[in-house]
Amino acid sequence: MITRCYLEITNICNLDCLFCPKTRREKRLMSLEEFNILTNRLQGEIEFLYFHLMGEPLLHPHLPQFIADAKAKGFIPVITTNGTLLSRAQSVIEAQPHKIQISLHAHEGNRRDNLDEYISNVMQFTKKAAEQGIIIVLRLWNEGGYNKNNNQLIELLSQHIARPWKERYDGWRLSDNIYLEFDNMFEWPDDKRNEYSSDEQFCYALRNQIGVLADGSVVPCCLDHDGSITLGNLFEQSLDEILASARARRLYDGFTRHKAVEPLCRRCGYASVTKRFRK
């Protein structure tokens, strides 16, 4: 079973992050009917359902219903958000997703000034959600990049949840169900960038993750923001048919040999530069 699917319920976003590659695809909001079709075809094949690839999921008016429907079909729903719309997301807490990941680095990535207000809104939501048993991961994935405000941000967090915090391998546990996670800023794959020089490359694409774009296109991973490696369309084919396609098998077999056979994969800063995936 593939562990996770990044299901893009919308590719529309309310921010313009400096580190985000954006997408040239037509802007879409997935309908309830479309969501039902796609999740029916993913049911039994996927464990975790992430409502994100491009776009801000809290912009979608049907997000609480999507969460409820996903849980009813046996999925474990996870939300990734930039955190700017949490003040109107009480219905999301009521829908009880398994986890909500809040990308705090989006604030500095948009050159915003109201850091105190932003963190206050994030933490009000975070505490309410955590009390209901929802796991909250506050993410600072900006090491080596837009991270000048990190110390100030961490100090603001400590005003809402007093230290000491429990240290973890990737950050801190602030309190029950609330975590602060750090990672490096990375370059998204881009078909216009020169290929990275690498003797070998491995990725878990098609092994433990796939992406499904808002139009039903299936891509191998959560970083294929423009659908450059479209393997099929889940509105028209089963997942088994798509994963058995010649292009999908070639990509999978290539990574088995530690080779990136797709041009976009050879231009991926997430896997190529850090070599974070080792097998």
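The structure under discussion appears in the preceding block.
No experiment lies behind these values; they were computed from the predicted model shown.

Moving on: helix 5 (residues 115-131). Residue pairs three or four apart in sequence face the same way in an α-helix, which turns once every 3.6 residues. Between its first and last C-alpha atoms helix 5 spans 24 Å; for 17 residues at 1.5 Å apiece the expected length is 24 Å, and the two agree. Along helix 5, the positions that sit buried rather than exposed are Leu115, Tyr118, Ile119, Val122, Met123, Phe125, Thr126, Ala129 and Ala130. Buried residues belonging to helix 5 abut helix 3 (90-95), strand 4 (99-103), helix 4 (105-108), strand 5 (135-143), helix 6 (150-160) and strand 8 (178-184). Looking one or two places after helix 5, you find Gly133, whose phi comes out positive at around 90°.

Any two side chains of opposite charge can pair if their charged atoms end up close together. One pass over the full model with this rule turns up twelve salt bridges. For Asp191, the salt bridge identified is with Arg24, shortest N-O distance 3.8 Å. Residue Asp191 is found in the loop between strand 8 and strand 9 (209-212), and its partner Arg24 is found in the loop between strand 1 (2-7) and helix 1 (32-42); the two are separated by 167 residues along the sequence. Taking the relative accessible area as the measure of exposure, Asp191 reaches 40% and is therefore partly exposed. A salt bridge links Arg249 to Asp253, with the shortest nitrogen-to-oxygen separation between them at 3.3 Å. Highlighted residues: Arg249 and Asp253, both in helix 8 (residues 246-256), separated by four residues, approximately one helical turn.

So, on to the nonpolar core. If you look at the biggest cluster of nonpolar residues, it comprises 83 residues, and the most contacted ones within it are Phe51, Leu104 and Leu138. When residues of this core are assigned to their parent elements, the largest contribution, eight residues, is made by helix 5. With residues near it in sequence (within four places) discarded, Leu104 still touches Tyr118, Ile119, Val122, Leu138, Arg139, Leu140, Leu153, Leu157 and Leu180.

Structurally, the position occupied by His225 is in the loop between strand 10 (217-219) and strand 11 (232-233). From its side chain, His225 meets the backbone oxygen of Pro189 in a polar contact 3.0 Å long. Among all residues touching His225, those that are not within four sequence positions of it are Pro21, Lys22, Thr23, Arg25, Leu53, Met54, Trp188 and Pro189.

A separate point is helix 2 (residues 63-72). Looking at helix 2, one finds that the buried residues are Leu63, Phe66, Ile67 and Ala70. Here the buried residues of helix 2 occupy an arc of 100° about the axis, which is enough to place them on one side. Elements in contact with the buried residues of helix 2: helix 1, strand 2 (46-50), strand 3 (76-81) and helix 3. Following helix 2 by one or two positions, Gly74 adopts a phi angle in the positive range, close to 95°.

Looking at where Ile79 falls in the secondary structure, it is placed in strand 3. Residues Ile79 and Glu56, spaced 23 residues apart in sequence, show a C-alpha to C-alpha distance of 9.5 Å.

The next point concerns the packing of aromatic side chains. Scanning the model with the defined rule gives eight aromatic pairs in all. Relative to Phe51, the ring of Phe35 lies with its centre 5.8 Å away and its plane at 70°, an arrangement referred to as edge-to-face. Of this pair, Phe35 sits in helix 1 while Phe51 sits in the loop between strand 2 and helix 2, and the two are 16 residues apart along the sequence. Residue Phe35 is classed as buried on the basis of its relative accessible area, which comes to 1%. Under the relative-accessibility criterion, Phe51 is labelled buried at 1%. Aromatic side chains Trp172 and Phe182 sit 5.7 Å apart centroid to centroid with 80° between the ring planes, which places their arrangement in the edge-to-face category. With Trp172 in strand 7 (residues 171-175) and Phe182 in strand 8, this pair connects stretches of sequence that are ten residues apart. A relative accessible area of 24% places Phe182 in the partly exposed class. Among the aromatic residues, those joined into a cluster by ring pairs are Phe35, Phe51 and Phe66.

Rules behind the numbers
Residues numbered from 1 in each chain as written. Predicted model: local features only at pLDDT ≥ 70, side-chain atom pairs only at ≥ 80, totals over all residues. Heavy atoms only, no water. Helix = DSSP H or I, 4+ residues; strand = E, 2+ residues; numbered from the N terminus. Expected span 1.5 Å × (residues − 1). Buried < 20%, exposed > 50% of the residue type's maximum accessible area, 1.4 Å probe, protein only. Contact = heavy atoms within 4.5 Å. Salt bridge = Lys/Arg side-chain N within 4 Å of Asp/Glu carboxyl O. Core = buried A, V, L, I, M, F, W, Y, C linked by side-chain atoms within 4.5 Å. Polar contact = N/O pair within 3.5 Å; in protein donor to acceptor, adjacent residues only side chain to side chain. Arc of directions from axis to C-beta. Phe/Tyr/Trp six-rings, centres within 6.5 Å; stacked < 30°, edge-to-face > 60°.

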